[in-house]
Amino acid sequence: MTTPRELKYTKSHEWVKAEPDGTVTVGITFHAQEQLGDVVFIQPPEVGRRLKQGDECAVIESVKAAADLYAPVSGEVVAVNQEVSDKPERVNQDPYAAWMFRLKPSAPAELETLLDAAGYEKVAAEDKH
Amino acid sequence: MTANALRSTPLADAHRALGARMVDFAGWEMPLHYGSQLEEHRAVRSAAGVFDVSHMLALDVEGGGAQAFLRRLLANDIARLKTPGQALYSCLLNEAGGILDDLIAYWRGESRFRLVLNAGTAEKDCAWILSQREDASVRISPRRDLAILAVQGPRAREKTWEALPRTRAATRTIGYFHSAEVDGMLIARTGYTGEDGFEILLPAEVAAGAWNSLLKAGVAPAGLGARDTLRLEGGMNLYGQDMDETVTPYECGLAWTVALGEPRAFIGRQAVEAKAPTRERRGLVLIDKGVMRSHQQVRCAAGAGEITSGGFSPTLNRSIALARLPRAAGAEEAEVEVRGNWLRAKVVEPPFVRHGKVLVNL
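Residues numbered from 1 in each chain as written. Chains lettered and ligands numbered in written order. Predicted model: local features only at pLDDT ≥ 70, side-chain atom pairs only at ≥ 80, totals over all residues.

1. Concerning the overall build of chain B
Broken down by element type, chain B carries 9 helices and 21 strands. Against the globule reference of 21 Å for 362 residues, chain B gives a C-alpha radius of gyration of 20 Å, in line with a compact fold. Judged by the C-alpha coordinates and their principal axes, chain B covers about 55 × 50 × 50 Å. Looking at chain B residue by residue over its 362 residues, the buried ones come to 48%. Summarising the internal contacts of chain B: among those between residues at least 6 apart in sequence, 68% fall at separations of at least 24. (Helix = DSSP H or I, 4+ residues; strand = E, 2+ residues; numbered from the N terminus. Rg over C-alpha atoms; globule rule 2.2 N^0.38 Å. Buried ≥ 20, exposed ≤ 12 C-beta atoms within 10 Å, placed from the backbone. Contact = placed C-beta atoms within 7 Å.)

2. Observations regarding helix 8 (residues 224-233) of chain B
Residues and elements named next belong to chain B. Where burial is concerned, most of helix 8 is hidden: 8 out of the 10 residues are buried. Residues of helix 8 that are buried include every one of Leu224, Gly225, Ala226, Arg227, Thr229, Leu230, Leu232 and Glu233, and no others. Positive backbone phi, at 70 degrees, marks Gly235, one or two positions downstream of helix 8.

3. Let's talk about the environment of B:Pro31
Residues and elements named next belong to chain B. Mapped onto the secondary structure, Pro31 falls in strand 2 (residues 28-33). Taking the number of C-beta atoms within 10 Å as the measure of exposure, Pro31 has 28 and is therefore buried. Linking Pro31 and Gly268, residues 237 residues apart in sequence, is a C-alpha distance of 36 Å. Excluding residues within four positions of it along the chain, Pro31 makes contact with His15, Ala20, Met22, Asp52, Gly223 and Leu224.

4. Description of unusual backbone geometry
All names here are of chain B. Pro350 connects to Pro351 through a cis peptide bond whose omega is 5 degrees. By secondary structure assignment, the location of Pro351 is in the loop between strand 19 (341-348) and strand 20 (353-354). Positive phi, normally seen in glycine, also occurs at Phe177, with a value near 65 degrees. Positionally, Phe177 belongs in the loop between helix 6 (168-171) and strand 10 (179-182). The class for Phe177 is partly exposed, based on 16 C-beta atoms found within 10 Å. Positive phi, close to 75 degrees, is recorded for His295, a residue that is not glycine. A residue is classified by how many C-beta atoms lie within 10 Å of it, and His295, with 11 of them, is exposed.

5. Quick word on the interface of chain A and chain B
The parts lose accessible area when they come together, and the size of an interface is often stated as this lost area. With 9 residues of chain A at the interface, the matching set in chain B holds 11 residues. With 3 residues, strand 4 (residues 39-43) of chain A is the largest single contributor of residues to the side of chain A that touches chain B. For the side of chain A that touches chain B, the class distribution of residues is 4 nonpolar, 3 polar and 2 charged. (Nonpolar A, V, L, I, M, F, W, Y, C, P; charged D, E, K, R; others polar.)

6. Remarks on the pairing of strand 11 (residues 185-188) of chain B
Residues and elements named next belong to chain B. Neither face of strand 11 is exposed, since Met185 and Ile187 on one face and Leu186 and Ala188 on the opposite face are all buried. Sheet topology note: the strand 10/strand 11 ladder contains 4 bridges and is antiparallel. Looking across to strand 11, one finds that Ser179 is bridged to Ala188. Relative to strand 12 (residues 197-203), strand 11 is paired through 3 bridges, and the arrangement is antiparallel. By the bridge assignment, Leu186 is partnered in strand 12 with Leu201. (Pairing = 2+ DSSP bridges.)

7. Focus on the packing of helix 2 (residues 37-46) of chain B against helix 8 of chain B
Helix-helix packing: each pair is described by the crossing angle between the helix axes and the interaxial distance. Residue and element names in this part refer to chain B. At a minimum axis distance of 8 Å, the contact between helix 2 and helix 8 shows a crossing angle of 55 degrees. In terms of orientation, helix 2 lies oblique with respect to helix 8. In the packing of helix 2 onto helix 8, the handedness of the crossing is right-handed. Where helix 2 abuts helix 8, its residues Gln37, Glu40, His41 and Val44 lie against Gly225, Ala226, Thr229 and Leu230. Residues of the contact of helix 2 with helix 8, tallied by class, amount to 3 nonpolar, 4 polar and 1 charged. (Axes fitted to C-alpha atoms, helices over the stretch in contact; angles between N-to-C directions. Parallel < 35°, antiparallel > 145°, perpendicular 65-115°, else oblique. Left-handed = near helix turned anticlockwise from the far one by under 90°.)

8. Describing the sheet that holds strand 7 (residues 112-117) of chain B
Residue and element names in this part refer to chain B. Strand order in the open sheet formed by 5 strands is 5-6-7-4-8, with antiparallel pairing between adjacent strands. Across the chains shown, the open sheet's two edge strands, defined by having one partner strand only, are strand 5 (87-93) and strand 8 (139-142). On average, adjacent strands in this sheet sit at an angle of 25 degrees to one another, irrespective of strand direction. Across 6 bridges, the pairing between strand 4 (residues 57-62) and strand 7 is antiparallel.

9. Quick look at the sheet that holds strand 19 of chain B
Either a parallel or an antiparallel arrangement is found when strands of a sheet pair, and the pairing is made through backbone hydrogen bonds. Residues and elements named next belong to chain B. A barrel is described by the order of its strands in space; here 6 strands give the closed sequence 14-17-16-15-18-19, paired in antiparallel fashion. Here the average twist between neighbouring strands, direction ignored, is 40 degrees. Bridge analysis of strand 15 (residues 297-300) against strand 16 (residues 303-313) gives 4 bridges, and the strand direction is antiparallel. Across the sheet, the residue bridging to Cys300 is Gly303, located in strand 16. Lying on the sheet, helix 8 is in contact with strand 16 and strand 17 (318-326); it crosses strand 16 at an angle near 125 degrees.

Take a look at the structure:
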């Protein structure tokens, strides 16, 4: 699967989508879900929580292991994707459509610090095991 | 760079061709899954799946002194087997009563027995068994020339007959924990999933052909990930997690496998009879959201314990676990420390699932 060019990425395997209304949605990459295996639980951050870039903010439990998600940018959690929380297998089936939470960025300049698709592909290649 | 290259079963190429995610298990390159271990689990519970378990080792023990040797070696009594082809589940104990391995022993008739040993303990077991042999006329032969396929599920036997028609006549009427031999294959109605099915020990050179025939008959390939969630639901222990040399069968829910009814001297007997166990195996079903995993701490009215095996149960759709807890009649609730939080769990008696049915009250 190719890494979607229009998204931004973190070294910790989250993808970030800039939405038209200025918010960003966050999910995990194809590589991340492949390493995790079948996802069985998602614990998203609570709506209203204020995060700083890099904060641990969510947990994904798979059959194999638990993984933490980190806030890709600072901001307030304005929504959680209930459909994906209820059906965690969506993360394996369609990782780039299965957004987990939505943030209203408090420091939009941070978006520039994220990786582009090519930069992320290098990270993913080094992480393969 | 590989310092110690992984061993491969005769089906390694077949797994890779199916797109399996291969992992190191006990020094063997084995398929973890072929896409989704949850789907493979469900295929076994609802129809049929096939596992390559050729990393396990068949060990033949033969000769006039074989039965007496096995009666001394194994905690369960091989003399209980009344019909050729019958199988026995037993622990192999050390002198301190600690578990060296769990295994199935098949009586093949006359003075021929076949043990099937776990992959991770095969070498240790063989060395131990050889060292305990006193009668040099007992022949002990590791059978690395055999592959092992486990076909499991409510439709497993039917699919096996469809794929391998020559096995039907010999195996159609065998009961649970019995086996028959046909065409160089030993076919046993045993398994590690809590479903019906066969385990087939067959020459390595015909394994790929049999595997392909089973897949053509619609049996789903299933990997070690599904094998683990299935056996956990089935309440079956995993050596190295739920039991090891530091515990006796009484602390692992395996009192029923220790045959003390007759004055039979077996290795570990004196030790297990001398000390009363203080801990026991219980099942846990997590009430809160999360997944229980090995070594997480457990607390309950009787005291503190730990998870030996934990995971997600696809059939119950929540986390289940086996735990070692202080002995306490009537314990119903416990708390498990999962990633820093104490979560609520229900204490139950395993198995959680058998033949597709949930057996515990949720």
